[in-house]
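Close look at the chain arrangement
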Amino acid sequence: MRKILVLNGPNLSRLGQREPHLYGADTLGDIVRKLKAQAAVLGARIDAVQSDEEGVLVSRIIASPGVYDGIIFNPGAYTHTSVALRDALQAVPVPCIEVHLSNTAAREEFRQTSLTAAACRGQIMGFGARGYALALKGLMEVLSSDRVRKQCKR
Ligand code: DQA
């Protein structure tokens, strides 16, 4: 059974009410509930944490080795500003998939740079809430191909 940490950054607790034309009608609770059901089918267990505070997100990432096999992370606005989150992701061997509900490449210029993406295995954006499900699928594939690669090296 894989253990996956689903991290959501600032203002994502407002999903469902917050700019639904950009972020959709699903609440974060809806997203996590669907993800847990999908994880059960794929043989994974999910812990979901949302925080508006950068330091809390850093601490959860730093504490992830040995506890979690992978991370799915929507850093919200910290995506575009946080060297600390990028450093935290780079400091741990736990693979992370970055998720954005909106296609940030097609939005304001300040959203077009992700400081965190370079420290992630991959990024999924522009698919709304469905992006989290795609990230979970992708992460499970990354985890099993990493295991096969390790076995081949032995
Ligand atoms: C977001 C995109 C960010 O630019 C924004 O600050 C968010 C949400 C997304 O999921 O599309 O809070 O991460």
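Residues numbered from 1 in each chain as written. Predicted model: local features only at pLDDT ≥ 70, side-chain atom pairs only at ≥ 80, totals over all residues. Heavy atoms only, no water.

**Remarks on the side chain of Ser 64**
With respect to the helices and strands, Ser 64 occurs in the loop between α3 (54-62) and β3 (70-74). Beyond its immediate sequence surroundings of up to four residues, Ser 64 is in contact with Ile 71, Val 92 and Val 94. (Helix = DSSP H or I, 4+ residues; strand = E, 2+ residues; numbered from the N terminus. Contact = heavy atoms within 4.5 Å.)

**Description of the site of the ligand**
Residues in contact with the ligand, as listed here, are Arg 18, Tyr 23, Asn 74, Gly 76, Ala 77, His 80, His 100, Leu 101, Ser 102, Thr 104 and Arg 111. Between the ligand and Asn 74 there is a distance of 2.8 Å, counted from an oxygen atom to a side-chain nitrogen or oxygen. Interatomic distance of 2.8 Å between a backbone N/O atom of Leu 101 and an oxygen atom of the ligand. Cavity membership is defined here by more than half of the atoms lying within 2 Å of grid points; on that basis the ligand lies in the second largest pocket. (Near = heavy atom within 4 Å. Polar contact = N/O pair within 3.5 Å; in protein donor to acceptor, adjacent residues only side chain to side chain. 1 Å grid on protein atoms, 1.4 Å probe; cavity = no way out; pocket = protein on both sides within 12 Å on 5 of 7 lines; lining within 4 Å. Sits in = over half its atoms within 2 Å of the grid points.)

**Concerning the pattern of salt bridges**
Tallied over the full model, the rule gives seven salt bridges. Note that Asp 47 is salt-bridged to Lys 3, the shortest N-O span being 3.7 Å. Within this pair, whereas Asp 47 is found in strand β2 (residues 44-50), its partner Lys 3 is found in strand β1 (residues 2-8), the two being separated by 44 residues in sequence. The partly exposed category is assigned to Asp 47, whose relative accessible area is 24%. What you see here is one network of salt bridges that share partners, running through Lys 3, Arg 45 and Asp 47. (Salt bridge = Lys/Arg side-chain N within 4 Å of Asp/Glu carboxyl O. Buried < 20%, exposed > 50% of the residue type's maximum accessible area, 1.4 Å probe, protein only.)

**Details of the sheet that holds strand β5 (residues 122-125)**
Sheet architecture is open: five strands sit in the order β2-β1-β3-β4-β5, paired in parallel fashion. One side of each edge strand has no neighbouring strand; the edge strands of this open sheet are β2 and β5. Sheet twist, expressed as the average angle between the axes of neighbouring strands with direction ignored, equals 20°. Pairing of β3 with strand β4 (residues 96-100), which is carried by three bridges, proceeds in the parallel orientation. (Pairing = 2+ DSSP bridges. Axes fitted to C-alpha atoms, helices over the stretch in contact; angles between N-to-C directions.)

**Comments concerning the layout of surface pockets**
One number sums up the size of the largest pocket: a volume of about 210 Å³. Surrounding the largest pocket, Arg 2, Pro 65, Gly 66, Tyr 68, Asp 69, Pro 93, Val 94, Pro 95, Leu 143, Asp 146, Arg 147 and Lys 150 form its lining. The biggest single contributor to the lining of the largest pocket is helix α5 (residues 130-153), with four residues. Of the residues contributing to the lining of the largest pocket, the split by class is six nonpolar, one polar and five charged. (Points joined across faces, edges and corners; volume = space filled by probe spheres on them. Nonpolar A, V, L, I, M, F, W, Y, C, P; charged D, E, K, R; others polar.)

**A closer look at the nonpolar core**
Ile 4, Leu 15, Ile 46, Ile 72, Leu 101, Tyr 132 and Leu 136 are the most contacted members of the largest nonpolar core, which has 23 residues in total. Looking at this core, the elements with two or more residues in it are β1, α2 (28-42), β2, β4 and α5. In terms of residue count, α5 provides more of this core than any other element does, six residues in total. Ile 72 has contacts with Ile 4, Leu 5, Val 6, Leu 7, Ile 97, Val 99, Tyr 132, Ala 135, Leu 136 and Leu 139, leaving out every residue within four places of it along the chain. (Core = buried A, V, L, I, M, F, W, Y, C linked by side-chain atoms within 4.5 Å.)

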